[in-house]
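A look at the structure
Listed below are the residues making up each chain.
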Amino acid sequence: MTEITCKLLVIGAGPGGYTCAIRAGQLGTDTIIVEAEKPGGTCLNVGCIPSKALIHAAGEYETIARAAEGESALGISTAKPSLDFARTIAWKDNIVRRLNGGVAGLLKRAGVRSVAGYARFRDGKTVEVETQSGRQMIHAETVVIATGSEPVALPFLPFGGRVISSTEALALTEIPRKLVVVGGGYIGLELGTAFAKMGAAVTVVEAAPRILPQYDCDLSDPVARRLTALGVTVLTGAKAKALVADGTALAIETASGEQTSLEADKILVTVGRRPATSGFGLETLDLDMDGPFIRIDDRCRTSMHGISAIGDVTGEPMLAHRAIAQGEMVAEIVAGRRRAWDRISIPAICFTDPEIVTVGLSPSEASSKGFDVKTERFPFKANGRALTLDREDGFIRTVVRADNHLLLGVQGVGTGIAELSAAFSLALEMGARLEDVAMTIHAHPTQSEAFHEAALKSLGHAIHI
Amino acid sequence: MAERVVRLPDVGEGIAEAELVEWHVKVGDVVREDAVLGAVMTDKATVEIPSPADGRVTWLAGNVGDVLAIGSDFVRLEVDGKSAPATEAVKVASPAASASAKKPEHAASAPRVPASEPPDAPRAQPSAGPLHHAGDRPLAAPAVRLRAREAGVDLRRVRGTGPAGRITHDDLDAHLARGGTATPYPTQTAVTDIKIVGLRRKIAEKMSIASSRIPHITYVEEVDVTALEDLRAKLNSQKQPGKPRLTLLPFLMRAMVRAIAEQPHLNAHFDDEAGIVHQHAGIHIGIATQTPTGLVVPVVRHAEARELWSCAAEVTRLAEAARNGNATRDELTGSTITITSLGALGGLATTPIINHPEVAIVGVNRIAIRPHWDGAAFVPRQMMNLSSSFDHRVIDGFDAARFVQRIKQLLETPAMIFIDA
């Protein structure tokens with residue numbers, strides 16, 4: 001067994017872990033990162049990036065297919081398109097491969113040593129890694145746990161055969177003819193929508209009374225309407241029960257209590273993700289937990305001195321950009337900088353069709369914090385750019401303090417509005433008031449004008465409505 | 001229309017003046033008959049003065065804290081009609097202190113901002129509402145937050161001059177220029193003036209007299225109350241319904257009665273101007289009691305004639321009355337010796353100040369289990385200190401010690417409290 005030491009050891013090279021390691025390297029910290037798979041974690045390999053690639057491909061295909069059916073309002077007509085799904089997947093894999101290589105290169109350039117293999121805690125300062133070249137012992141002054149999360153299986157519907165998680169859904173070799181999605185959260189709907197656009201007959205089974213239950217109805221309704229228009233069957237209030245005997249269908253109980261079954265070539269289970277906290281000796285450290293998550297303070301320190309944790313293992317929201325910001329902060333703390341978590345908001349985007357963006361507090365969250373809240377929304381049907389995109393569904397909503405007009409939250413739903421999240425986040429982080437947004441010139445013609453107009457409307461003088 | 005003068009009535013026996021502690025009305029207010037106009041405080045009782053008629057207030061006698069002579073003009077009212085007498089001293093229902101404990105905050109004037117603003121006063125007040133963002137976070141751009149973090153500045157301590165109280169780079173610069181650097185505990189320069197009025201003033205006056213005129217000798221002795229606490233617990237567990245719960249106080253009172261029987265000169269008033277000690281046959285034990293408005297001393301009269309349960313019941317009743325502010329003047333005066341106890345907060349030892357013109361005060365400290373050397377081993381015993389002060393002009397140290405030792409002996413073998421030798 002070989003032994004090496006370092007100042008900072010990062011376990012897991014997902015967005016949080018690799019960012020932490022790169023920043024640490026930039027700051028001159030002697031850093032090692034351990035990762036058993038390709039660098040980039042869930043996000044890059046089996047999450048954000050590949051799913052967005054598929055969603056984009058599906059969108060392009062659907063536009064053309066609609067035109068071929070003579071449904072293009074733009075006057076485009078074409079012959080019925082075909083989809084070489086193997087090439088789509090290859091294109092997606094190529095993107096992932098490029099990014100894998102990019103991350104590895106960035107780590108190397110920052111002077112970070114990478115160790116390939118699964119880490120296992122020996123004690124709070126030491127991990128053991130099974131590498132191809134034998135067992136490696138690593139001692140570190142500070143250890144950062146960035147092991148991420150994994151899809152949750154349903155006990156009566158374990159992954160295997162036709163039952164797949166998002167990971168397998170992104171690596172299918174052909175489009176399933178019939179796809180049943182169990183769980184109408186953002187992951188299930190993003191993938192379900194993509195497969196529907198690529199020609200699959202998709203049925204979504206959601207136990208809650210509506211899809212996207214973590215969002216308010218105003219935000220989820222346009223998505224629900226679009227799903228219907230795309231031919232997706234959404235069964236809310238319905239429970240998945242079990243695979244039927246031959247494994248070709250899913251038995252469910254509908255909202256009305258009816259027992260029925262849904263034939264399926266694939267059953268995609270997207271009922272949530274759980275932090276990856278077991279299987280690498282974490283239990284022996286006896287860290288304080290916060291439910292299933294590792295408890296951290298405002299500097300991402302765990303209950304054990306010298307051990308920090310970032311990303312999905314530390315709690316909701318399980319989002320890459322949260323992990324990235326945490327990783328950067330921890331690297332700077334390790335380098336002796338004074339840092340603490342003081343972010344106003346963590347934006348969240350649901351890449352459904354239309355997209356949902358939420359930043360800061362929702363109206364009900366703001367009210368429950370005791371603020372006297374003023375909420376206003378501006379619909380895209382009054383936005384010129386939205387009309388030219390042939391998509392006028394959705395709106396932008398501002399949530400402000402009634403007394404001083406401070407922005408507490410911005411939400412929106414609309415096609416392609418994910419990019420607007422930057423404007424929303426910046427406004428919140430800068431402590432903008434309605435007047436600040438109102439006095440900022442927003443380029444015409446863009447969807448961002450809806451943000452401007454929502455602010456104006458909240459001030460009582462919207463122009464275009 | 002006619003003017004009607006309400007004069008300050010005689011609110012106690014033969015009192016010449018009373019302190020104004022609260023106005024319930026202001027000039028211009030329309031009042032109904034029997035509505036409370038204001039409250040005055042005599043020795044230890046607060047008395048509300050009702051309006052004798054319907055009318056409009058045109059004049060008030062002074063400010064809270066002023067001392068007014070009995071019979072002087074208190075309030076002037078503009079009233080309807082011609083037949084009403086021009087002036088009237090209203091009848092006060094009873095000398096009971098009816099509202100002394102109700103609104104302690106009115107006893108102190110509002111905090112005053114010093115006339116000259118301290119140098120770190122804000123340049124501009126933000127418009128409205130609390131300064132900070134959701135979750136009590138200061139409102140500042142990320143770059144400002146980062147600079148503050150690196151400079152060790154807690155932004156919650158920095159006044160923002162931007163819109164909605166936003167902290168700008170300039171605000172942070174100004175804060176740093178003032179030396180508001182690496183400490184999270186900035187210096188505070190504000191002075192709040194609190195007018196000492198009402199009961200608090202009475203307490204201050206009494207304490208000054210007692211402390212300046214009486215040369216105190218304080219004697220601290222420890223008492224093993226294990227047996228007493230056992231007895232007390234048994235009596236409480238077997239007491240008949242309706243009987244009060246026994247605290248340590250009634251036992252101490254009975255022990256003091258026995259000790260005073262042997263040293264009667266400790267139960268006395270010393271009139272130092274006349275050079276006379278008035279030795280009282282009746283033992284009236286003052287019980288120093290904390291109330292919402294401050295310290296008062298209700299009096300258990302004739303403790304020498306009360307058995308244990310009666311002492312307990314009277315202590316309970318008086319403490320309640322004092323806390324509710326409806327103890328009468330009689331119940332708050334006339335003690336001949338005093339007990340002071342802070343219960344669980346009693347500490348190890350205190351230096352009690354004698355309740356002038358008495359000559360002795362017994363202070364009860366906290367009961368705690370302490371190791372006690374019984375001659376062969378340390379054993380856990382429930383121990384309590386007594387901290388007692390005496391007027392050294394008329395009580396010698398030896399007498400003081402003998403008195404406390406006698407009480408100790410009685411409390412340590414509680415049967416002796418009740419059995420005549």
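All chains use their own residue numbering, which begins from 1 and follows the written sequence. Each chain gets a letter, beginning with A, and each ligand a number, beginning with 1, in the order they are written. It should be noted that, the model being predicted, local features are given only for residues of pLDDT at least 70 and side-chain atom pairs only at 80 or more, the latter also being counted only at that level, while totals for whole chains, interfaces and linings use all residues.

Okay, the overall build of chain A next. Helix numbers and strand numbers start at the N terminus; a helix is a DSSP run of H or I with at least 4 residues, a strand a run of E with at least 2. Within chain A one finds 13 helices and 24 strands. Residues with at least 20 neighbouring C-beta atoms inside 10 Å of their own are called buried, those with 12 or fewer are called exposed, and the rest are partly exposed, where every C-beta is derived from the backbone. Considering chain A as a whole, with its 465 residues, one finds that 48% of them fall into the buried category. For chain A, the proportion of contacts with a sequence separation of at least 24, taken over those separated by at least 6, is 65%. Contacts here follow a simple rule: the backbone-placed C-beta atoms of the two residues must lie within 7 Å.

Turning our eyes to something else, we now look at the overall build of chain B. Helices and strands together make up the secondary structure of chain B, namely eight helices and 18 strands. Counting the 421 residues in chain B, one finds 33% classified as buried. For chain B, the proportion of contacts with a sequence separation of at least 24, taken over those separated by at least 6, is 67%.

Residue and element names in this part refer to chain A. DSSP-based pairing: two strands are paired if at least 2 bridges between them are found. Pairing within the open sheet is antiparallel, and its five strands lie in the order S20-S21-S24-S23-S22. Pairing within the sheet leaves two strands with one partner each, and these edge strands are strand S20 (348-350) and strand S22 (373-379). Recorded for the sheet is a direction-independent mean angle of 10 degrees between the axes of neighbouring strands. Pairing of strand S23 (residues 395-401) with strand S24 (residues 407-414) involves six bridges; the strand directions are antiparallel. In the strand pairing of S24, Val400 is matched with Leu407. Fitted lines through C-alpha atoms serve as axes, helices being fitted only where they are in contact, and the angles separating the N-to-C directions of these axes extend from 0 to 180 degrees.

This paragraph deals with the nonpolar core. The nonpolar core criterion groups buried Ala, Val, Leu, Ile, Met, Phe, Trp, Tyr and Cys residues into a set whenever they are joined through C-beta atoms within 7 Å. Within the largest apolar cluster, 143 residues are counted, with the highest numbers of intra-cluster contacts made by Leu9, Ile11 and Val144 of chain A. Ignoring any residue separated from it by four or fewer positions in sequence, one finds Leu9 of chain A in contact with Ile32, Val127, Ile138, Ala140 and Val143 of chain A.

Attention now moves to the confidence of the model for chain B. Averaged over every residue, the pLDDT of chain B is 82; residues scoring 70 or more account for 83%. The pLDDT value tells you how sure the predictor is about a given residue, anywhere from 0 up to 100. Below a pLDDT of 50 lies the segment residues 93-135 of chain B, which in the model reaches 81 contacts outside its immediate sequence neighbourhood of four places, other chains included.

At the junction of the two partners, chain A supplies 15 residues and chain B supplies 17 residues. Each residue belonging to the side of chain A that touches chain B can be placed in one class, and the counts come to six nonpolar, two polar and seven charged. Charged means Asp, Glu, Lys or Arg here, nonpolar means Ala, Val, Leu, Ile, Met, Phe, Trp, Tyr, Cys or Pro, and polar covers whatever is left, Gly included.

Take the packing of helix H1 (residues 142-151) of chain B against helix H2 (residues 169-177) of chain B next. Residue and element names in this part refer to chain B. Where H1 contacts H2, the two axes come as close as 10 Å, and the packing angle between them is 15 degrees. Relative to H2, the element H1 is oriented roughly parallel. Handedness of the crossing formed by H1 with H2: right-handed. In contact with Val144, Arg147, Ala148 and Ala151 of H1, H2 contributes His169, Leu172 and Leu176. In the contact of H1 with H2, the residues fall into five nonpolar, one polar and one charged. The labels follow the angle: roughly parallel below 35 degrees, roughly antiparallel above 145, roughly perpendicular from 65 to 115, and oblique for the rest. The hand of a helix crossing depends on one turn: near helix anticlockwise from the far one by less than a right angle means left-handed, and clockwise means right-handed.

Moving on to the pairing of S22 of chain A. Residue and element names in this part refer to chain A. Here S22 lies mainly inside the structure; five of its seven residues are buried. Looking at chain direction, S22 and S23 are connected through seven bridges and run antiparallel. The partner of Thr375 across the bridge, within S23, is Val399.

Turning to the sheet that holds strand S12 (residues 239-243) of chain A, a few remarks are in order. All names here are of chain A. Read across the open sheet, the three strands follow the order S12-S13-S14; overall the sheet is antiparallel. Single-partner strands in this sheet number two, and they are S12 and strand S14 (259-263). Geometrically, the sheet is characterised by an average inter-axis angle of 35 degrees between neighbouring strands, direction not taken into account. Two strands pair when backbone bridges link them, and S12 and strand S13 (residues 249-253) are joined in this way by four bridges, in the antiparallel orientation. When the sheet's bridge partners are listed, Ala242 is paired in S13 with Ala251.

Looking now at the environment of Arg232 of chain B. Residues and elements named next belong to chain B. Relative to the helices and strands, Arg232 is located in helix H4 (residues 226-238). Here Arg232 falls in the partly exposed class, since 18 other C-beta atoms lie within 10 Å of it. For the pair Arg232 and Thr247, spaced 15 residues apart in sequence, the C-alpha to C-alpha distance is 7.5 Å. The contact partners of Arg232, leaving out residues within four places of it in the chain, are Leu246, Leu248 and Phe251.

The next point concerns helix H3 (residues 198-213) of chain B. All names here are of chain B. A helix is expected to span 1.5 Å for every residue after the first. For H3, built from 16 residues, the straight-helix expectation of 22 Å at 1.5 Å per residue is met to within 8% by its first-to-last C-alpha distance of 23 Å. For H3, the set of buried residues is Gly198, Leu199 and Ala210. Axial view of H3: buried residues confined to an arc of 105 degrees, hence all on one face. Opposite the buried face of H3, at more than 90 degrees from it, the exposed residues are Ala204, Glu205, Ser208 and Ser212. On its buried face, H3 is in contact with strand S2 (17-23), strand S4 (36-41) and strand S14 (294-296). The directions considered for the arc are those from the helix axis to the C-beta atoms.

Moving on, we get to the environment of Gly12 of chain A. Residue and element names in this part refer to chain A. Its place among the elements puts Gly12 in the loop between strand S1 (2-11) and helix H1 (15-26). For the pair Gly12 and Ala119, spaced 107 residues apart in sequence, the C-alpha separation works out to 8.7 Å. Not counting chain neighbours up to four residues away, the residues in contact with Gly12 comprise Gly17, Glu35, Gly41, Ala146, Thr147 and Gly148.

Time to look at the environment of Gly160 of chain B. Residue and element names in this part refer to chain B. Residue position: Gly160 is located in the loop between H1 and H2. Residue Gly160 is classed as buried on the basis of its 23 C-beta neighbours within 10 Å. The spatial distance from the C-alpha of Gly160 to the C-alpha of Asp171 is 6.1 Å, given a sequence separation of eleven residues.

Further remarks concern the packing of helix H5 (residues 248-262) of chain B against helix H7 (residues 397-412) of chain B. All names here are of chain B. For the pair H5 and H7, interaxial distance at closest approach is 9 Å and the crossing angle is 130 degrees. As the angle between them shows, H5 and H7 are arranged oblique. For the element pair H5 and H7, the recorded crossing hand is right-handed. Contact with H5, carried on its side by Phe251, Leu252, Ala255, Met256, Arg258, Ala259 and Glu262, involves Phe403, Arg406, Ile407, Leu410 and Leu411 of H7 and no other residues of that element. Looking at side-chain class alone, the contact of H5 with H7 contains nine nonpolar, no polar and three charged residues.

Another point: unusual backbone geometry. Cis peptide bonds are those with omega within 30 degrees of zero, and the linkage from Glu316 of chain A to Pro317 of chain A qualifies with -10 degrees. Structurally, Pro317 of chain A can be placed in the loop between strand S19 (307-309) and helix H8 (320-334). In this structure, Pro357 of chain B follows His356 of chain B across a cis peptide bond, with omega equal to 5 degrees. Examined against the element boundaries, Pro357 of chain B turns out to sit in the loop between strand S16 (337-341) and strand S17 (360-373).

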